[in-house]
Structures are given as structure tokens and as C-alpha cells.
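Structural overview for review
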Amino acid sequence: QVQLVESGGGLVQTGGSLRLSCAASGRTFSMYGMGWFRQAPGKEREFVAHITWSLGSPFYSDSVRGRFNICRDTAKNTVYLQMNSLKPEDTAVYSCAARLRVGSGYDFWGQGIQVTVSS
């Protein structure tokens, strides 16, 4: 089992920045990678970014590439999502997730954290 706890959300103005953190505990040594997802009211959950745990290789959705940056600190078992140039359409509940195997779905999820971008 892997437990995930997000932090760092809140309210920010358009053009501002926020950094989300996701602390993992438990069987973190078995993780293949971690990702961030978001869900806005009335919309389906959307992939945001992913990073492989061992090599730190990132991957982004088109909607955030160039504005968001994902990184991880293996010593702290924490993944970060630096969000810059935020837009009102970035408003959503952001959740982190852990994947144990390449090519599989995400096995563990955090509880989610609210990010609100005011116009």
C-alpha cells in the first residue's frame, strides 16, 4: 500500500503561481511513477502530469505544458507540481496518484486539494 497526502492548494489570482506537494508513504520503493490529475466542477477528471520515480522523466498534458513543472524528491518521497501563469480554467481539485507498474493504471490516490484561480 502507498498513502498519498497533498498540500499547497489555495486561492491565487490569474497569472500567479502555486506549488503543490504530494507526500508518499508506505511501499514507495515499489512505485514506477506518480502523477497529478485535476477535476473541475461538472467535468471529468483530467490528466495533468506524470513523472517516473527512478529516472524523473516528466510528461505533461498539452493544456499545462510550458506552464507547469513536475519534479520529485526521492529522499523525501515527495512529488511537486509547480504551477505558473495560472488561468481561471486551471481551477479544479488536484489529486496525486501513484502507479506501481509501467503501462498500468494508477493504483493509489490522494484525497485531493482545491486550487482556485480568480480572474
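Look up: the structure comes first, before these words.
Before going into details, it helps to say that this report is about the structure given with it. Think of each chain on its own: its residues are numbered from 1, step by step along the sequence as written. Two thresholds apply to this predicted model, a pLDDT of at least 70 for residue-level local features and 80 or more for giving and counting side-chain atom pairs, whereas whole-chain, interface and lining totals are computed over all residues. By convention in this description, side-chain values take in all heavy atoms of the structure and omit both hydrogens and water.

**Considering the pairing of strand β11 (residues 113-118)**
Each residue is assigned to one of three classes by its accessible area relative to the maximum for its type, calculated with a 1.4 Å probe on protein chains only: buried under 20%, partly exposed between the two thresholds, exposed over 50%. Secondary structure elements are defined from DSSP: runs of H or I of at least 4 residues count as helices, runs of E of at least 2 residues count as strands, and each element is numbered from the N terminus. Alternating positions in β11 separate cleanly, Ile113, Val115 and Val117 being buried on one face and Gln114, Thr116 and Ser118 remaining unburied on the opposite face. Direction of pairing for strand β2 (residues 10-13) relative to β11: parallel, over a ladder of four bridges. Residue pairing for β11: Gly10 is matched across the bridge by Val115. Paired strands, in this sense, are two strands between which DSSP finds at least two bridges. Direction of pairing for strand β9 (residues 92-99) relative to β11: antiparallel, over a ladder of three bridges. Bridge pairing in β11 links Tyr94 to Ile113.

**As for the sheet that holds strand β7 (residues 68-73)**
Strand order in the open sheet formed by four strands is β1-β3-β8-β7, with antiparallel pairing between adjacent strands. Each of the sheet's edge strands pairs with one partner strand only, and the pair in question is β1 (2-7) and β7. On average, each strand axis in the sheet is tilted by 15° relative to the strand beside it, whichever way the strands run. Relative to strand β3 (residues 18-26), β1 is paired through six bridges, and the arrangement is antiparallel. Bridge pairing in β3 places Ser7 opposite Ser21. For helices, the fitted axis covers only the stretch in contact; all axes are lines through C-alpha atoms, and the angles between them, taken along N-to-C directions, range from 0 to 180 degrees.

**Focus: the side chain of Thr78**
The topology assignment puts Thr78 in strand β8 (residues 78-83). At 2.9 Å, the side chain of Thr78 and the backbone oxygen of Lys76 are in polar contact. Residue contacts follow a heavy-atom distance rule, with two residues in contact if any of their heavy atoms lie within 4.5 Å. In this structure Thr78 touches Ser21, Cys22, Ala23, Trp53, Cys71, Arg72 and Asp73, once residues within four positions along its chain are discounted. Any pair of nitrogen or oxygen atoms within 3.5 Å is treated as a polar contact; in protein, a donor-acceptor pairing is required on top of that, and neighbouring residues in sequence qualify only through side-chain atoms on both sides.

**What to know about the nonpolar core**
Among the nonpolar cores identified, the biggest contains 31 residues, and Leu4, Met34, Trp36, Leu81, Met83 and Tyr94 are the most heavily contacted of them. Contributing elements (two or more residues each) for this core: β1, β3, β4 (33-39), β5 (46-52), β7, β8, β9 and β11. Apart from residues no more than four positions distant in its own chain, Leu81 is found in contact with Leu18, Arg19, Leu20, Trp36, Val48, Ala49, Phe68, Asn69, Ile70 and Tyr94. Side-chain atoms within 4.5 Å are what join buried Ala, Val, Leu, Ile, Met, Phe, Trp, Tyr and Cys residues into a set we call a nonpolar core.

**Focus on the environment of Phe29**
Among the structural elements, Phe29 can be located in the loop between β3 and β4. Owing to a relative accessible area of 64%, Phe29 belongs among the exposed residues under this scheme. With 81 residues separating them along the chain, Phe29 and Gly110 place their C-alpha atoms 18 Å apart.

**Description of the pairing of β8**
Note on strand geometry: in a regular strand, side chains alternate between the two faces of the sheet. Burial analysis of β8 places five of its six residues in the buried class, which makes it a mostly covered element. Of the pairings in the sheet, the one linking β7 to β8 comprises six bridges and is antiparallel in character. Within the sheet, the bridge partner assigned to Asp73 lies in β8 and is Thr78. What sits between β7 and β8 in their antiparallel hairpin is a turn of four residues, with Asn77 showing a positive phi close to 55°.

**Quick look at the state of the cysteines**
Cysteine sulfur atoms that come within 2.5 Å of each other are treated as a disulfide pair. In the structure shown here, the tally under the stated rule is one disulfide. Here Cys71 is not cross-linked by a disulfide; its sulfur's nearest cysteine counterpart is in Cys22, at 12 Å.

None of this, on its own, says anything about what the molecule does.
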